[in-house]
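Per-entry structural report
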Amino acid sequence: MKINRVFDYEIDNVLRKEIQELLFECFETNYPKEREYFKQLPHFRYLVFDEDNANKLVAQVGLDYRVMNLNGKPVKVLGIIDLCVIKGYRSRGLGSMLLSEIDKFCQNKSIDFLLLFADDKNLYLKNGYRFVENKCKWLKIDNEKQSTLGIGFEVINELMIKETGNKKWEDGDIDLLGYLY
């Protein structure tokens, strides 16, 4: 297996189509078939290719770097978006491999926390993430029309974080200062 880090603006049309197919297969009816993102493009991605199978794209994760507001204080967050592995390659450790690659990337960088919203928590729990119960504020986006709907404000049970810097996560309010991953 080979992992490549690519900036989204550098992805050519052939690879973009492969990413679209991977995301649609993994997320099925919830994912727009014609896009390689759900609500917003990530800043960059890690892509996993099977070198023994004609460099087939078998897994991916998007990453979004931004400042958020945790109880009135700015925190630097790397958001994990749409981590997925195609069906024939699951249970081979590829998800953990991607999370390990993200951990390595965060070393000695100005990143306080990794943050994600998990439907399936097991992969993340075994890789050092934990659930937090913060009241979230975010920009609501209609993913079909690609338009702003308003502001959301509620506790989201799927919120998970991992501390990567010297700051400690606090209970309270988290303003994502943007869209929900």
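Since the structure is predicted, the reported quantities are computational estimates derived from the model, not experimental observations. (Residues numbered from 1 in each chain as written. Predicted model: local features only at pLDDT ≥ 70, side-chain atom pairs only at ≥ 80, totals over all residues. Heavy atoms only, no water.)

Another aspect to go through is the overall build of the protein. Within the protein one finds three helices and 10 strands. Across the protein, helices and strands are ordered from the amino to the carboxyl terminus as β-α-β-β-β-α-β-α-β-β-β-β-β. In terms of overall dimensions, the protein is globule-like: its C-alpha atoms have a radius of gyration of 16 Å, near the 16 Å expected for 181 residues. Considered along the principal axes of its C-alpha atoms, the protein spans approximately 50 × 35 × 30 Å. Looking at the protein as a whole, 47% of its 181 residues are labelled buried. A fraction of 66% describes how many contacts in the protein between residues 6 or more apart in sequence connect residues 24 or more apart. (Helix = DSSP H or I, 4+ residues; strand = E, 2+ residues; numbered from the N terminus. Rg over C-alpha atoms; globule rule 2.2 N^0.38 Å. Buried < 20%, exposed > 50% of the residue type's maximum accessible area, 1.4 Å probe, protein only. Contact = heavy atoms within 4.5 Å.)

On to the confidence of the model for the protein, then. Averaged over all residues, the pLDDT of the protein equals 94, while 99% of them reach at least 70. The secondary-structure element of the protein with the lowest mean pLDDT is helix H1 (residues 13-27), recorded at 93, while strand S3 (residues 56-70) shows the highest, at 98. (pLDDT = per-residue confidence, 0-100.)

Moving on, we get to the packing of aromatic side chains. Considering all chains together, one arrives at seven aromatic pairs under this definition. Between the aromatic rings of phenylalanine 44 and phenylalanine 105, the centroid separation amounts to 5.1 Å while the plane-to-plane angle is 50°, which identifies the pairing as tilted. Remark: phenylalanine 105 occurs in helix H2 (residues 94-106) and phenylalanine 44 occurs in strand S2 (residues 44-50); sequence separation between them is 61 residues. Taken as a pair, phenylalanine 44 and phenylalanine 105 share a single burial class, namely buried. On the numbers, 5.8 Å between centres and 80° between planes, the contact of tyrosine 124 with tyrosine 129 is edge-to-face. Through pairs of rings, three or more aromatic residues link up here, namely Phe7, Tyr9, Phe44, Tyr46 and Phe105. Geometry around tyrosine 89 places arginine 92 over its ring, the cationic atom sitting 4.4 Å from the centre. Over the ring of phenylalanine 105 we find lysine 109, and its NZ or CZ is 4.4 Å from the ring centre. (Phe/Tyr/Trp six-rings, centres within 6.5 Å; stacked < 30°, edge-to-face > 60°. Lys NZ or Arg CZ within 6 Å of the ring centre and 35° of its normal.)

This brings us to the side chain of aspartate 112. Within the element layout of this structure, aspartate 112 appears in the loop between H2 and strand S5 (113-117). Engagement of the side chain of aspartate 112 in a polar contact is seen with the backbone nitrogen of lysine 76, the distance being 2.7 Å. The contacts of aspartate 112, once residues within four sequence positions are left out, are Val75, Lys76, Lys162, Glu163, Thr164, Gly165 and Lys167. (Polar contact = N/O pair within 3.5 Å; in protein donor to acceptor, adjacent residues only side chain to side chain.)

Unlike most non-glycine residues, aspartate 82 shows phi in positive territory, near 55°. Residue placement: aspartate 82 occurs in strand S4 (residues 73-85). The exposure class assigned to aspartate 82 is partly exposed, which follows from its relative accessible area of 22%. Located in the positive-phi region is serine 91, a residue other than glycine, with phi close to 65°. By the secondary structure assignment, serine 91 is in the loop between S4 and H2.

Turning our eyes to something else, we now look at the pairing of strand S7 (residues 135-142). Across eight bridges, S7 lies against strand S8 (residues 147-155) in antiparallel orientation. Residue pairing across strands places isoleucine 141 opposite threonine 148, the latter belonging to S8. Examined bridge by bridge, S7 and strand S10 (residues 173-179) share four bridges and lie parallel to one another. Looking at S10, one finds that lysine 137 is bridged to aspartate 175. (Pairing = 2+ DSSP bridges.)

Let us now look at the state of the cysteines. This structure, assessed with the given rule, holds zero disulfides. You can see cysteine 106 has no disulfide; the closest cysteine sulfur is in cysteine 84, sitting 19 Å from it. (Disulfide = S-S within 2.5 Å.)

Our focus in this paragraph is H1. The end-to-end C-alpha distance of H1 is 21 Å, a good match for the 21 Å that 15 residues give at a rise of 1.5 Å each. Every buried residue of H1 is listed here: Leu15, Arg16, Ile19, Gln20, Leu22, Leu23 and Cys26. What you see down the axis of H1 is that its buried residues fit within an arc of 165°, all on one side. Relative to its buried face, H1 has exposed residues pointing more than 90 degrees away, namely Asn13 and Val14. The secondary structure elements touched by the buried residues of H1 are S2, S3 and S4. Two or three places before valine 14, at the start of H1, stands the capping residue aspartate 12, its side-chain oxygen 3.2 Å from that residue's backbone nitrogen. Taken from the residues just after H1, glutamate 28 is the one with a positive phi, measuring 45°. (Expected span 1.5 Å × (residues − 1). Arc of directions from axis to C-beta.)

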